[in-house]
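Chain residues, written in single-letter form:
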Amino acid sequence: MLDTRYSMLDTRQACSSKQRALEILVLGLGNILLKDEGIGVHIAQKLQRVALPYNVEVIDGGTAGFDVLLSAQDVKRLVVIDALRAGKESGTIYKARLKIEECDKLEQIFSGGSKISLHQTGLIDALAASRKMNGALEEIVIIGVEPESTDLGLELTEQVKQKVPEIINIALKEIEDAVHRK
Amino acid sequence: MSTKIKIDPVTRIEGHLAVEAVIDDGVVKEAKSAGTLFRGFEIILQGRDPRDANRLTQRICGVCPTAHATASALCLDDAFGLRDTVPDNGKLIRCLILGSNFLQSHILHFYHLAALDYVDAVAAVGDLSPFVPRYEGDYRVSNEANAELVNHYLKALDIRRKCHQMLSIFGGKMPHNVGVVPGGVIEKPTEEKITNFLWRLNEIRAFVDNSYIPDVIAVAKAYSDYFEIGKGCQRLLTYGGFDLPPRLSGEDKSGGKLFKAGVVSGELEFVDFAKENITEDVKHSWYADSDSGKNPAKGETKPQPKKKQAYSFIKSPRYKGEVCELGPLARMVNNYVQGDAEVKKLVDSVLVQFGAEINVLYSVLGRHAARALETKLVADAMVGWLQQLKPNEPAIVHPVRNITGGGQATEETISNGVQAKIPEQGEGAGLTEAPRGAVGHWMTIKDRKIQRYQVITPTAWNASPKDDKDQPGALEQAMIGTKVKDKDNPFELVRIVRAFDPCLACSVHLLDVRGNESGIFRIV
């Protein structure tokens, strides 16, 4: 049976009645049923086993991750981890760091040219909405991982799996910087 | 002259529902609705521990994970023989978790997806962000009303946040809650949790009463021609949903449901529903023809992507061979026809404002109105469910304090301390309602492993392709005959599709920046 012991640690606090400002929210996105597509979730679930300061939150956003942005209370820094196709070698890790006022740039690069979104808020929409909702957000970091395969399957491919420690370190570094920056 | 137009509502994330219409003399003659991505998640479950279904099926979808959690738990209850032993607290909390998702989903649908087909946000605020891209429509709402609706759009974001918070009070997390498990739910109710839930719920109810329903009525008044558009197949199917304890449902000791199961025809004739009458055709779907005509309990998923005649990865579910529509409209009309006093009062109160009969609900606006009224029905019912909870009493089947030495989980632990044997072989079915319509899970267990798992989503019914008898699916039928003013800007069809609240776009959302990096991303 799948190990779900840690999952109760999850968004309870993000969604609790306690109003508190988070220094940093790490949001792992993806679908774990589609191999490397789930890399963000795999990383989030590993980070949740690390003892982190009270003002840090790690969320397994799964396939509805953008919605989580709505649930999160005031967050100063947001780190999104997801599979990202940019055409380099499988397992390549990409990083983008944007000030909140630079978010429009994301619009340009992610514009799929489609006129209409029938369902599901995309990352850009969610960010735009959370800017209106969440005055505290200052910076967004996107950590992308080039997938080898997004076919059906619960396991990461070897090329991506071997990058997991490195991705975790990058995320932990972000957390550390956010917590100590004052 | 006939023209083919294609509305490819590909989300920028990677969409999966494409709609094609053949327009002749300004009228839709033929329509095709196609799911363009293979979704054979059932295959992954084969050979796995049956309990994994509860965790994994939630990951199918980013919009209705809660409904899949509920359906899979019901399916496992059935297979494990726990169906009649779930305590009242467990039933009620399951309903509260699913109800929170209904409220969130319906409010999302109207304000953040559908309203922009009717409301000119650019005229109201001069800026589209954060609004989703749109077709240029005919906007008829006054500027003041536009501004009001845009304000409510922002308020609705906050209300949805509160819905998520409510869900996670009992569900542990959102998305992909971990609270709903076979045998009941993990979380016991406490007074603190009930209070935390209730104050959010009351704010949401106020929003539904004072904003959502009036806004839908305001839109309906400005667009009353949409009571005539998108009639559809006029056969409404519900599996029934929100399983309540006996004392709340007012039914026999097996309990009842908030939404009654049934099939209602265009003449408002009602017949009982039996799940054995469901079959799935695949003549026009990319699956092996040997799959066709099977009940989901015996269903197969054998993809065959190059099949001739096929145009969708969605199968064609049918009830006694007939096309059916699912969703809020189906639920409200089913309860109405079956004499539910509460629903009758709600529906009549709106119909009287338009001097209309119930059959106007078979329309684009009818679907929006039914969804709004259903939101109120569920939200108000949730108050009663909360009040029925017994704090600190179990919410799961006979919890076992210490299973074996040291409290180690054993094979016999179904979930959090619930002991029951996973049968050597068996079958289960879990049928319930998701925000956008009925959802069903079917499983067969062999050698204590999943041998077969089948899911039929509501959108599979609504957006299904033609069946083996070449009958178009519900959404296809709703489009056929529609007048399209401007084939380059077919907002009539967009409004029809949207009113069904289709959901296929959620399973993959890979970010894709190929050829467009703009120097923002650097390689680490």
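Residues numbered from 1 in each chain as written. Chains lettered and ligands numbered in written order. Predicted model: local features only at pLDDT ≥ 70, side-chain atom pairs only at ≥ 80, totals over all residues.

Overview of the pairing of strand 5 (residues 139-145) of chain A
Regular strands have side chains that alternate between both faces of the sheet. All names here are of chain A. Under the convention used in this document: The burial label depends on the number of other C-beta atoms within 10 Å of a residue's C-beta. Counts of 20 or more mean buried, 12 or fewer mean exposed, and intermediate counts mean partly exposed, with C-beta atoms placed from the backbone. Strands are runs of DSSP state E lasting at least two residues, helices are runs of H or I lasting at least four, and both sets are numbered from the N terminus onward. At least two bridges found by DSSP between two strands is the condition for calling them paired.
Most of strand 5 sits out of view: six of its seven residues are buried. Bridge analysis of strand 3 (residues 75-85) against strand 5 gives seven bridges, and the strand direction is parallel. Bridge pairing links Asp82 to Gly144 in strand 5. As judged from the seven bridges shared by strand 4 (residues 93-99) and strand 5, these two strands associate in the antiparallel manner. Looking at the pairing, Arg97 lines up with Val141 of strand 5.

What to know about the sheet that holds strand 15 (residues 425-434) of chain B
Sheet strands pair via backbone hydrogen bonds, and the direction of the pair is either parallel or antiparallel. Residue and element names in this part refer to chain B. Under the convention used in this document: Helix axes use the C-alpha atoms of the stretch in contact, all axes being lines fitted to C-alpha atoms, and the angles between their N-to-C directions lie in the range 0 to 180 degrees.
Taken in spatial order, the three strands make up an open sheet running 15-16-17, and their pairing is antiparallel. Edge positions in the sheet fall to strand 15 and strand 17 (449-456), since each has one partner strand and no second. The sheet shows a mean angle of 15° between the axes of neighbouring strands, direction not considered. Two strands pair when backbone bridges link them, and strand 15 and strand 16 (residues 437-446) are joined in this way by 10 bridges, in the antiparallel orientation. Opposite Ala434, over in strand 16, you have Gly437 as the bridge partner.

So, the environment of Phe273 of chain B
All names here are of chain B. Threshold: Note on contacts: residues are paired as contacts if their backbone-placed C-beta atoms lie within 7 Å.
Take Phe273: it is sitting in the loop between strand 10 (270-271) and strand 11 (278-281). Residue class for Phe273 comes out partly exposed when judged on the 19 C-beta atoms lying within 10 Å of it. Put simply, Phe273 and Arg200 are 73 residues apart on the chain and 35 Å apart in space, counted from C-alpha to C-alpha. What Phe273 contacts, discounting residues up to four positions off in sequence, is Leu237, Tyr239, Ala261, Gly262 and Val263.

Regarding the nonpolar core
Let me state the cut-off plainly: Each nonpolar core comprises buried Ala, Val, Leu, Ile, Met, Phe, Trp, Tyr and Cys residues, the members being joined through C-beta atoms within 7 Å.
Counting residues in each nonpolar core, the largest one holds 187 residues, and the members touching the most others are Val26, Val79 and Ile81 of chain A together with Leu96 of chain B. With 13 residues, helix 4 (residues 88-114) of chain B is the largest single contributor of residues to this core. Not counting residues up to four positions away in its chain, the partners in contact with Val79 of chain A are Ile24, Val26, Leu27, Val141, Ile143, Ala171 and Glu174 of chain A.

As for the sheet that holds strand 9 (residues 262-264) of chain B
Residues and elements named next belong to chain B. A sheet is described by the order of its strands in space; here three strands give the open sequence 6-9-10, paired in antiparallel fashion. Of all the strands in the sheet, the pair left with one neighbour each is strand 6 (236-238) and strand 10. Strand direction decides the pairing type here: strand 6 and strand 9, joined by three bridges, are antiparallel. The partner of Thr238 across the bridge, within strand 9, is Gly262. Against the sheet, helix 9 (residues 328-337) engages strand 6, strand 9 and strand 10, with an angle of about 90° to strand 6.

A look at the confidence of the model for chain B
The predicted coordinates should not be examined in detail at positions where pLDDT is low. Residue and element names in this part refer to chain B. Cut-off, in case you're wondering: As a per-residue measure, pLDDT reflects the predictor's confidence and takes values from 0 up to 100.
Summary statistics for chain B give a mean pLDDT of 85 and a share of 84% for residues scoring 70 or more. For the stretch residues 9-15, pLDDT sits under 50, and the model shows 30 contacts to residues farther than four places along the chain or on other chains. Of the regions scoring below 50 in pLDDT, residues 400-411 engages in 10 contacts with residues more than four places distant in sequence or in other chains. Overall fold confidence (pTM) sits at 0.89, and the ipTM for the predicted complex is 0.80.

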